[in-house]
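# Survey of secondary and tertiary structure
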Protein chains: 2
Amino acid sequence: MIRRETRQRKTVLDVLRRAGSHPTADVIYGQVREIIPNISKGTVYRNLKILQEDGEIAELSLSGTVNRYEGRKENHYHFRCMRCGDVFDLDEPVDKGLDERVAARTGFEVASHRLEFCGLCRDCRRK
Amino acid sequence: MIRRETRQRKTVLDVLRRAGSHPTADVIYGQVREIIPNISKGTVYRNLKILQEDGEIAELSLSGTVNRYEGRKENHYHFRCMRCGDVFDLDEPVDKGLDERVAARTGFEVASHRLEFCGLCRDCRRK
DNA sequence: TTAGGTGCAAAACCTTTGCCATCCC
DNA sequence: GGGATGGCAAAGGTTTTGCACCTAA
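Residues numbered from 1 in each chain as written. Chains lettered and ligands numbered in written order. Predicted model: local features only at pLDDT ≥ 70, side-chain atom pairs only at ≥ 80, totals over all residues. Heavy atoms only, no water.

## A closer look at the pairing of strand S5 (residues 109-120) of chain A
Here four bridges tie strand S3 (residues 78-81) of chain A to S5(A), and the two strands are oriented parallel to one another. Of the residues in S5(A), the one forming a bridge with A:Arg80 is A:Cys118. In terms of strand pairing, S5(A) meets strand S5 (residues 109-120) of chain B through eleven bridges, oriented antiparallel. From the neighbouring strand, A:Glu109 faces S5(B), where its bridge partner is B:Leu120. (Pairing = 2+ DSSP bridges. Helix = DSSP H or I, 4+ residues; strand = E, 2+ residues; numbered from the N terminus.)

Listed below in structure tokens is the structure:
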């Protein structure tokens, strides 16, 4: 399947890259609609899926039912505030050897790992 | 709100504790129904939520839309096979100091962390 | 007795899909 | 031209909820 460059797909990617956060599909849809007012939700979902397949973006399946997306490519870790629900990127260094150690110990083929912290963010712990 | 001990809630917890895996709500529903044939799905969902609130069980929000649940209380890590979708518990030692290090670095209050590996399980990598 | 719980069914959500028109290469 | 995409709306699947009836304490 040869990908075609469409305005819709490009805009979805742009919005996500510029977001700097981890928006839900619905939030992305809202922002894209400011640029392409008649874009449909189905198109946003389809393109989010395609961009994932192409490795352009990643789907974050953190807690909760709703998926969130992010545009960064390098692996990094996340912190989710249990009060406000916001998700932050962390600078914590990524342990590159972790995958290999687990692979050696389990016999599984380890492709990647994902580390998520949970607690209260700076703003919420003050309240 | 004072909790009452009902057969339904007790059975949901029992099933999950004995499962040793990470079943979806639907799978739990199926197994509970072998014991209480006329239990409703709503009750299973309600009790899964209550048991979470009480810290008896945990919801795993790994990839995919469907939530999975587990009965273990101590922190431990998971491996998800990207082909068969199964989730395995790992023996990998839990890094107890990790939360504190991140807390010190970020100023967030870190309650816990969750580490998930992704790849191919032993069976699937052979195929 | 009575607040909490259950069953049932409908509603609410999020996401995917089918279809046909449209657009890119 | 022809296959990839988009828009629209309906379908699909999971989870939540309202309500009347129970039931544990």
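## Regarding the protein's contact with DNA strand D
Among the 22 residues in the neighbourhood of DNA strand D, the closest are listed as A:Arg4, A:Thr6, A:Arg9, B:Tyr45 and B:Lys49. Within 4 Å of the protein, atoms of DNA strand D come from sugar and phosphate in 68% of cases. Here a sugar or linking oxygen of DNA strand D and a side-chain polar atom of A:Gln8 are 2.9 Å apart. At 3.1 Å, a backbone N or O of B:Asn67 approaches a phosphate oxygen of DNA strand D. Mapped by element, the contributors of at least two residues to the surface near DNA strand D are helix H1 (7-19) and helix H3 (41-53) of chain A together with helix H3 (41-53) of chain B. Along the lines of polarity and charge, the residues of the surface near DNA strand D split into six nonpolar, eight polar and eight charged. (Near = heavy atom within 4 Å. Polar contact = N/O pair within 3.5 Å; in protein donor to acceptor, adjacent residues only side chain to side chain. Nonpolar A, V, L, I, M, F, W, Y, C, P; charged D, E, K, R; others polar.)

## Quick word on the interface of chain A and chain B
One frequently used descriptor of interface size is the decrease in accessible area upon assembly of the parts. With 35 residues of chain A at the interface, the matching set in chain B holds 36 residues. Counting every contact that joins chain A to chain B gives four salt bridges. Between B:Arg125 and A:Glu109 there is a salt bridge; the shortest N-O distance is 3.8 Å. Scanning the region where chain A abuts chain B turns up twelve residue pairs in polar contact (both at pLDDT 80 or more). Elements that contribute at least two residues to the side of chain A that touches chain B include exactly helix H4 (98-106), S5 and helix H5 (122-126) of chain A. Here the element with the most residues in the side of chain A that touches chain B is S5(A); it accounts for twelve residues. Its residues assigned to classes, the side of chain A that touches chain B comprises 16 nonpolar, ten polar and nine charged. (Contact = heavy atoms within 4.5 Å. Salt bridge = Lys/Arg side-chain N within 4 Å of Asp/Glu carboxyl O.)

## Quick word on the nonpolar core
Formed by 26 residues in total, the largest nonpolar core has its most connected members in A:Phe79, A:Leu90, A:Phe117, B:Phe79, B:Leu90 and B:Phe117. At the level of elements, S3, H4 and S5 of chain A together with strand S3 (78-81), helix H4 (98-106) and S5 of chain B are the ones that each hand at least two residues to this core. Discounting chain neighbours no more than four positions away, the residues touching B:Phe117 are A:Leu98, A:Asp99, A:Val102, A:Val110, A:Ser112, A:His113, B:His78, B:Phe79, B:Arg80 and B:Leu90. (Core = buried A, V, L, I, M, F, W, Y, C linked by side-chain atoms within 4.5 Å. Buried < 20%, exposed > 50% of the residue type's maximum accessible area, 1.4 Å probe, protein only.)

## Side note on the relation of the copies chain A and chain B
Note on the copies: chain A fits chain B at an RMSD of 0.3 Å, the axial shift is 0.0 Å, and the rotation between them is 179 degrees. Taken together, the rotation angle and the small translation identify this as a two-fold axis. Of every C-alpha in chain A, the one belonging to A:Leu115 sits nearest the axis of rotation, 2.2 Å from it. When you check the interface residues of chain A against chain B, 100% turn up at the interface there too, and the contact is symmetric in its surfaces. (Least-squares fit on C-alpha atoms with pLDDT ≥ 70 in both.)

## Thoughts on the protein's contact with DNA strand C
Surrounding DNA strand C, one finds 21 residues, the nearest of these being A:Tyr45, A:Lys49, B:Arg4, B:Thr6 and B:Arg9. A:Arg46 places a polar side-chain atom, nitrogen or oxygen, 3.3 Å from a base oxygen of DNA strand C. B:Thr43 is positioned such that a nitrogen or oxygen atom in its side chain is 2.8 Å from a phosphate oxygen of DNA strand C. Examining the composition of the surface near DNA strand C, we find that four residues originate from one element, H3(A), more than from any other. Residues belonging to the surface near DNA strand C are distributed by class as follows: five nonpolar, eight polar and eight charged.

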